[in-house]
Amino acid sequence: MKLLHKMSKKLSFITTILLIVCGSIAQAQVTTSSPYSRYGLGNLSGSLLPQLRAMGGISTAVNKVSGFNYINMQNPSSYADITLTTIDMGMSTSLTSLSKGSLSENNFNATFSHLAFAFPVTKRSGISFGLLPYSDLGYSNRNTTKIDTMSVDQIYQGEGGLSKAYLGYGYRFGDHFRIGGNVEYIFGNLQNTRSTEYVSPGAVNSRIQDKNSVGGLSYSYGLQYDFKLAAKTTLTIGYSGSTASKINSLQSNYVTQYLVTAGAEGTALDTLSSFEKAKSSLKLPLIHNFGISIQQNNKWLVGADFRMGDWSKLQINNVNQGLQNSYGASLGAQITPDISSYNNYFKRVDYRFGVNYDKTYVQINNQDIKQMGVSLGFGFPLPSAQGGLSFYKVNFTTELGQRGTLDNNLVKEKFINFRLGFTLNDTWFRKYRVD
């Protein structure tokens, strides 16, 4: 009875958190302010929790670090070495500065970022499931041109994004080889509008609105292999990727006319054409990640990742989006001075840092849009509970980066991301002895 009571309380906790997160995602509309999110699926988020982002985003060859269970959904083979029930949840905020010529703009966004669970199934396998962002779409820009002698504003706006719910399993063969996979449900809305507004009062303006409601399955997979270099030192190589998947979507399109009076937009005067919820699809490309890391148990880890995506084949509503193939690299490390120190708390703190570089899938005016950044983070251990059977850690990460360039009349985007995560390692589902 005692076990059933504890299980009931913990399952109720999980249900409550899932409802909160799903409600937050349902309410959220704009979680980024980036002109480059206009292209493709928006700015890709990556399947990374704060503790991995702090190391520049390395993940492909990362398993356990300092004896603490991480949930690494970027490479599902890592689930095989989950030894404790693990919960990870967090939020993120972003400060963005946009500049173009003499113009500048600052924006702030915040969102609940992720919720993930992992459990050991056997001594050689583990399972994980959770919910996290897949891409973010949010932009608004205006260009003024002339048609004949009339000034015309071309306004481009977008909002929305995609989320990912996943369920994965990992299994270890022998002592060194792990393999795993995720089934992922990608869902959300992508909405883009193009408006033409005349400066002259009383002029009839027009707008085209495209909306895609996306929902379908994708698949990812991974493997890792360890080499023992010394008694406490391990070299790990890894690979992960995702399949080229075709995801269902419902496309809606509206062409309307409207008036702007005293700076305020009125109701639509006329709908020139429209169709709603036409069945269509979104074709995702192949993604590949390669990684290597060297780790001394409970002391330090250094790793590197290389990634590439075949985004030139992305199709939305059976139309190729004209994107470029992407590639990128990350370098990162974590150091824990003394995990068992009793008289110096800061020796038990995890110190993380990293750098990353990406050529994104966007190219404008023959200019590749690149992204680069540096990251710094900390893992703050909290006092254990239940007689040392439960372990807690707060993970804080800061990312400073830049996307784009001022060349060719483009926009330079500088950002600072703050990410906060809470990780629990516990021994759920254990049997209790009754004397």
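As annotated in an unreviewed UniProt entry, the protein chain carries the name Aromatic hydrocarbon degradation protein and comes from Pedobacter changchengzhani.

Q: Any chance you could explain the side chain of Asn356 here in plain terms?
A: Locating Asn356 in the fold gives a position in strand 18 (residues 350-364). What Asn356 contacts, discounting residues up to four positions off in sequence, is Gly56, Arg307, Ala329, Ser330, Gln371, Met372 and Gly373.

Q: Where do I start with the layout of surface pockets in this structure?
A: A probe matching the size of a water molecule, rolled over the atoms, marks out where space remains unfilled. Here the second largest pocket defines a volume of roughly 730 Å³. Taken together, 24 residues form the lining of the second largest pocket, with Pro35, Lys100, Asn141, Asn143 and Val411 sitting closest to its centre. Residue composition of the lining of the second largest pocket, by class: 9 nonpolar, 11 polar and 4 charged.

Q: Help me understand the packing of aromatic side chains in this model?
A: One pass over the structure, following the stated rule, counts 15 aromatic pairs. Here Phe119 and Phe129 contribute two aromatic rings whose centre-to-centre distance is 5.9 Å and whose plane-to-plane angle is 25 degrees, an arrangement assigned as stacked. In this pair, Phe119 is assigned in strand 3 (residues 103-122) and Phe129 in strand 4 (residues 125-147), connecting sequence segments 10 residues apart. Accessibility expressed as a relative area gives 11% for Phe119, which makes it buried.

Q: When you look at unusual backbone geometry in this model, what are you seeing that I'm missing?
A: Most of the time, phi is negative for any residue but glycine, and the peptide bond is trans. At Asn318, a position not held by glycine, the phi torsion is positive, near 65 degrees. Of note in the backbone geometry, Asn408 takes a positive phi value of approximately 55 degrees without being a glycine. Along the chain, Asn408 turns up in the loop between strand 20 (390-404) and strand 21 (412-426). Its relative accessible area of 42% is what places Asn408 among the partly exposed residues.

Q: Would you mind showing me how to read the confidence of the model for the protein chain here?
A: Low pLDDT means the predicted atomic positions in that stretch should not be read closely. When pLDDT is averaged across the protein chain, the result is 88; 89% of the residues are at 70 or more. Low pLDDT, under 50, characterises residues 1-5; the predicted model gives this stretch 2 contacts beyond four residues in sequence or across chains. Residue range residues 22-29 is modelled with pLDDT below 50. Its contacts to residues more than four positions away, or to other chains, number 7 contacts.

Q: Can you help me understand the nonpolar core in this one?
A: Inside soluble globular proteins, nonpolar side chains tend to come together where they are buried. In terms of nonpolar packing, the biggest core is built from 25 residues, with Leu41, Leu284 and Trp311 touching the most fellow members. Elements supplying a minimum of two residues to this core: strand 4, strand 5 (150-173), strand 6 (177-198) and strand 18. With residues near it in sequence (within four places) discarded, Leu41 still touches Tyr134, Ser135, Leu162, Leu190, Leu282, Leu284, Trp311, Leu314, Ile316 and Tyr361.

Q: It is not clear to me how the pairing of strand 12 (residues 270-283) should be interpreted in this structure. Could you clarify?
A: The side chains of a regular strand alternate, residue by residue, between the two faces of the sheet. Pairing of strand 9 (residues 246-258) with strand 12, which is carried by 11 bridges, proceeds in the antiparallel orientation. Along strand 12, the bridge assignment pairs Thr256 with Thr271. As defined by bridge partners, strand 12 adjoins strand 15 (residues 315-316) across 2 bridges and the pair is classed as antiparallel. When the sheet's bridge partners are listed, Leu282 is paired in strand 15 with Ile316.

Rules behind the numbers
Residues numbered from 1 in each chain as written. Predicted model: local features only at pLDDT ≥ 70, side-chain atom pairs only at ≥ 80, totals over all residues. Heavy atoms only, no water. Helix = DSSP H or I, 4+ residues; strand = E, 2+ residues; numbered from the N terminus. Contact = heavy atoms within 4.5 Å. 1 Å grid on protein atoms, 1.4 Å probe; cavity = no way out; pocket = protein on both sides within 12 Å on 5 of 7 lines; lining within 4 Å. Points joined across faces, edges and corners; volume = space filled by probe spheres on them. Nonpolar A, V, L, I, M, F, W, Y, C, P; charged D, E, K, R; others polar. Phe/Tyr/Trp six-rings, centres within 6.5 Å; stacked < 30°, edge-to-face > 60°. Buried < 20%, exposed > 50% of the residue type's maximum accessible area, 1.4 Å probe, protein only. pLDDT = per-residue confidence, 0-100. Core = buried A, V, L, I, M, F, W, Y, C linked by side-chain atoms within 4.5 Å. Pairing = 2+ DSSP bridges.

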